[in-house]
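Here is how the chains run, residue by residue.
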Amino acid sequence: MRETDFFNGVRVPVIGQGTWHLGEDPAKRKTEVAALGAGIDAGLTVIDTAEMYGDGASEELVGEAIRGRRDEVVLVSKVYPHNASRSGVVAACERSLRRLGTDRLDVYLLHWSGSIPLAETVDGFEHLRAAGKIRSWGLSNFDLDDLEPVPEGCATNQVLYNLGSRGIEFDLLLWQQHQRMPLMAYSPLGQGPSLLEHPLLAELGKWHGVTAAQIALAWVIRQPGIIAIPKASSLEHVRQNVGAGAVVLDAEDCLALDNAFPVPRGKQPLDIL
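Residues numbered from 1 in each chain as written. Predicted model: local features only at pLDDT ≥ 70, side-chain atom pairs only at ≥ 80, totals over all residues. Heavy atoms only, no water.

## A word on the overall build of the protein chain
For the protein chain, the helix and strand inventory stands at 10 helices and 10 strands. Here the protein chain has a C-alpha radius of gyration of 18 Å; the compact-globule value for 273 residues is 19 Å, and the two agree. Dimensions of the protein chain, computed from C-alpha atoms along their principal axes, come out at roughly 50 × 45 × 30 Å. In the protein chain, buried positions account for 55% of the 273 residues. When contacts within the protein chain are restricted to residue pairs at least 6 apart in sequence, long-range pairs at least 24 apart make up 76% of them. As presented, the protein chain carries roughly 11,900 Å² of accessible surface, and 51% of it is formed by carbon and sulfur atoms. Of the side chains in the protein chain, 25 bear a positive and 35 a negative charge, and the two mean positions are spaced by 4 Å. (Helix = DSSP H or I, 4+ residues; strand = E, 2+ residues; numbered from the N terminus. Rg over C-alpha atoms; globule rule 2.2 N^0.38 Å. Buried < 20%, exposed > 50% of the residue type's maximum accessible area, 1.4 Å probe, protein only. Contact = heavy atoms within 4.5 Å. Areas by Shrake-Rupley, 256 points an atom, 1.4 Å probe, with all protein chains shown as cover. Lys, Arg positive; Asp, Glu negative; His and termini not counted. Charge placed at Lys NZ, Arg CZ, Asp CG, Glu CD.)

What follows is the structure in structure tokens.
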């Protein structure tokens, strides 16, 4: 699978694994753990979670899935804004590490902007980095106005990006590419079935011999500097996500998708789920 630069020169696959809502249903735990493990086996080694997801249940699930293979994955988690004071972010990270069963995170993100000054959060991040608790840090759900000037040391910004939510293409995506700051795209398949039910996705999928979801995911990773983190709650989802990495959309495909899902012509508020 194609790779891109992520942080500190680390190369990662352009498709990883998201875990929002995973770990919340005990009846699905075995299936979800198996799916994450299969994803790692298939090379989807970036795993994204957060203390918010199921009040830590997602982190615990991820911890089970990576037990004995921590060094195979690039582990990303996120801190609540209200826990992001200088001391609060350190305490929150320690809780996340316990749930994940590891001694370090590869990347630690501020989940969204809150009332605590960003400089104070960054100070906490840098303390964690110096202590070896995190290898790098970044942001999530930050628009361009929040990123200029970019905080020194920021490794990535994670935002909503899919065919139905293209607002970042007007400015944020181009800016991050210029800054060589990788963009992590969450919910790359949209929320619910509505996006994937668009007839054009089915038509293109039939032409390429893949599913509508694989077309949508291939579209998100078509540009450099993007890492998509679709949720993979089953082995079938993992198989489809891996297959999307091999789909190549040509100029005609992209033009048809632009006509169906128009490119933004002006600044739009940042979409957040």
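Next comes the rest of the description.
## Description of the pairing of strand β6 (residues 107–110)
Covered by surrounding structure in β6 are V107 and L109 together with Y108 and L110, the residues of both alternating faces. Pairing between strand β5 (residues 74–79) and β6: 4 bridges, direction parallel. Along β6, the bridge assignment pairs K78 with L109. The handedness of the β6 to strand β7 (residues 137–140) crossover, carried by helix α4 (residues 118–130), is right-handed. (Pairing = 2+ DSSP bridges. Right-handed = clockwise from strand over helix to strand, strands pointing away.)

## Thoughts on helix α3 (residues 86–100)
The first and last C-alpha atoms of α3 sit 22 Å apart over 15 residues, in line with the 21 Å expected at 1.5 Å per residue. The elements touched by buried residues of α3 are α2 (57–65), β5, β6 and α4. Directly beyond the C-terminal end of α3, a positive phi value near 70° is found at G101. (Expected span 1.5 Å × (residues − 1).)

## Re the side chain of Q214
With respect to the helices, strands and loops of the structure, Q214 is situated in helix α8 (residues 212–220). Residue classification places Q214 among the buried residues on the basis of a relative accessible area of 6%.

## Describing the pairing of β7
The alternating pattern of β7 places W137 and L139 on one face and G138 and S140 on the opposite face, and all of these are buried. Across 3 bridges, β6 lies against β7 in parallel orientation. What sits directly across from L110, in β7, is L139. Here β7 runs beside strand β8 (residues 154–160); their pairing, made up of 3 bridges, is parallel. Looking at the pairing, W137 lines up with C154 of β8.

## Observations concerning the packing of aromatic side chains
Evaluated as defined, the whole model comprises 5 aromatic pairs. With a centroid separation of 6.2 Å and 90° between ring planes, the pair formed by Y80 and W112 is classed as edge-to-face. Residue Y80 is found in the loop between β5 and α3, and its partner W112 is found in the loop between β6 and α4; the two are separated by 32 residues along the sequence. When its relative accessible area of 17% is taken as the criterion, Y80 is described as buried. According to the relative accessible area criterion, W112 is partly exposed, its value standing at 33%. A centroid spacing of 5.6 Å and a plane angle of 65° characterise the contact between Y108 and F125, whose relative ring orientation is edge-to-face. Residue Y108 is located in strand β6, and its partner F125 is located in helix α4; the two are separated by 17 residues in the primary sequence. (Phe/Tyr/Trp six-rings, centres within 6.5 Å; stacked < 30°, edge-to-face > 60°.)

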